[in-house]
Amino acid sequence: MNADLHCHSTVSDGQLAPAAVARLAKAGGVTLWALTDHDVLGGQREARETAEALGMRYLNGVEISVTWASRTVHIVGLHVDPECTALVEGLARTRDGRAARAEAMGERLAELGIQGAYPGALRYVSNPDLISRTHFARFLVESGRAQNTQDAFSRWLGDGKPGYIAHRWAKLADAVSWIKAAGGEAIIAHPGRYAYTQLEFDTLFGEFIDLGGKAIEVVTGSHTPDQYAEYAAVARRFGFEASRGSDFHAPGDDSIAPGMLPPLPSDLKPVWERWL
Ligand code: AMP
Ligand code: MN
Ligand code: MN
Ligand code: MN
């Protein structure tokens, strides 16, 4: 089983349409796939139809933006019913603040001497409901303010950097409850990306379990190989099931192509087994 359960399309901040990501997943040898756009389910039908036509199994997916202890955490929901009202309405509320935040980011970047960032970012946006920092990063690269997307985050857009505008996303309890209401399972995405202390991490994992969270991503394009081992150990310690996903956004940026990650450590229980 080559499972890739974390990918993005033009429905959020990826650069390929859902069907094109599906074809890339197929080419990468993926046999079980999920498209997990940020805070939006609009790509699910196209993703599923293309995946199934190509002979892959498909799980409906989403990646929900959450604020926990003043920082952003991403919660992936898999096997969710895209018609579930609690989920659909919760995601709509989560997306709500993005436009105003993006305008504020444009103003902040202008104060820093970078003009035209908001309209510049908008040119990369396919879904007007879903403008993200990634779109600003592409503008900053295009206008020579950063060498690549990663550099745009390191210099300008990353948490606490000069162009960063904080935002209040969904609550952890709400995100998990919407996913459960929609018949899915909640998974902490790329835990290695969060700048929490050990105590905060332990509290986050404990709270997540108390809310009914089952799994964490262990092997992800957003982890280094050292972090695969580190979060495999966390999964063992907390009894989490494990997930695997490239976090693919665009060909040619530094994201790994769908299906190309190493397998999960063999002693971990894959979160997807329950659905096979
Ligand atoms: P937003 O939801 O607008 O805050 O943007 C978050 C998105 O920015 C993530 O989903 C990633 O695609 C991207 N991102 C965040 N941090 C980084 C980083 N350090 N390097 C590259 N992309 C990042
Ligand atoms: Mn993204
Ligand atoms: Mn993420
Ligand atoms: Mn992602």
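Everything numeric here is computed off the predicted structure, so don't read it as measured data.

**A look at the overall build of the protein**
In step 1: From N to C terminus, the protein includes 10 helices and eight strands.
In step 2: Taken over the C-alpha trace, the protein has a radius of gyration of 18 Å; the compact-globule value for 276 residues is 19 Å, and the two agree within 12%.
In step 3: By principal-axis analysis of the C-alpha atoms, the protein measures approximately 50 × 45 × 40 Å.
In step 4: Taking all 276 residues of the protein together, 57% fall into the buried category.
In step 5: Counting only contacts in the protein whose residues sit at least 6 apart along the sequence, the fraction spanning at least 24 positions is 71%.

**Some points on the packing of aromatic side chains**
In step 1: Counted by the stated rule, this structure contains 10 aromatic pairs.
In step 2: Through a chain of ring-to-ring contacts, three or more aromatic side chains come together here, namely Trp-68, Tyr-194, Tyr-196, Phe-201, Phe-205, Phe-208, Tyr-231, Phe-238 and Phe-240.

**Focus: the side chain of His-74**
In step 1: As for its position among the elements, His-74 is in strand S5 (residues 71-78).
In step 2: Of note is the side chain of His-74, whose polar atom sits 2.9 Å from the side chain of Glu-63.
In step 3: Setting aside residues no more than four positions away along its own chain, His-74 makes contact with His-38, Glu-63, Ile-64, Ser-65, Ile-187, Ile-188, Ala-189, His-190 and Tyr-194.

**Notes on the domain arrangement of the protein**
In step 1: According to the domain assignment, the protein consists of domain 1 (3-95 + 172-275) and domain 2 (98-157).
In step 2: Computed over C-alpha atoms, the centres of domain 1 and domain 2 are 24 Å apart.
In step 3: With 15 residues of domain 1 at the interface, the matching set in domain 2 holds 12 residues.
In step 4: Roughly 1000 Å² of surface becomes buried between domain 1 and domain 2 when both sides are summed, with 39% attributable to carbon and sulfur atoms.
In step 5: Broken down residue by residue, the surface that domain 1 buries against domain 2 is led by Asp-13, Arg-95 and Asp-254, which jointly contribute 46%.
In step 6: Asp-39 is the partner of Arg-98 in a salt bridge, and the nearest nitrogen-oxygen pair spans 3.0 Å.

**A word on the site of ligand 1**
In step 1: If you check the shell around ligand 1, you find Asp-13, His-38, His-74, Arg-98, Arg-101, Ser-132, Arg-133, Thr-134, Gln-150, Phe-153, Arg-193 and His-249 and nothing else.
In step 2: In the model, an oxygen atom of ligand 1 is placed 3.1 Å from a nitrogen or oxygen of the Arg-98 side chain.
In step 3: A total of 500 Å² of accessible area belongs to ligand 1 in isolation, and the protein chains cover 85% of it.
In step 4: For the shell around ligand 1, the secondary structure elements donating two or more residues are helix H4 (98-111), helix H6 (133-142) and helix H7 (149-157).
In step 5: Considering only residue class, the shell around ligand 1 consists of one nonpolar, six polar and five charged.
In step 6: Counting contributing residues, the shell around ligand 1 receives three or more from each of domain 1 (3-95 + 172-275) and domain 2 (98-157).

Quick notes on the rules
Residues numbered from 1 in each chain as written. Chains lettered and ligands numbered in written order. Predicted model: local features only at pLDDT ≥ 70, side-chain atom pairs only at ≥ 80, totals over all residues. Heavy atoms only, no water. Helix = DSSP H or I, 4+ residues; strand = E, 2+ residues; numbered from the N terminus. Rg over C-alpha atoms; globule rule 2.2 N^0.38 Å. Buried < 20%, exposed > 50% of the residue type's maximum accessible area, 1.4 Å probe, protein only. Contact = heavy atoms within 4.5 Å. Phe/Tyr/Trp six-rings, centres within 6.5 Å; stacked < 30°, edge-to-face > 60°. Polar contact = N/O pair within 3.5 Å; in protein donor to acceptor, adjacent residues only side chain to side chain. Domains from an automatic or database assignment. Buried area = accessible area lost by both parts, 1.4 Å probe. Salt bridge = Lys/Arg side-chain N within 4 Å of Asp/Glu carboxyl O. Near = heavy atom within 4 Å. Areas by Shrake-Rupley, 256 points an atom, 1.4 Å probe, with all protein chains shown as cover. Nonpolar A, V, L, I, M, F, W, Y, C, P; charged D, E, K, R; others polar.

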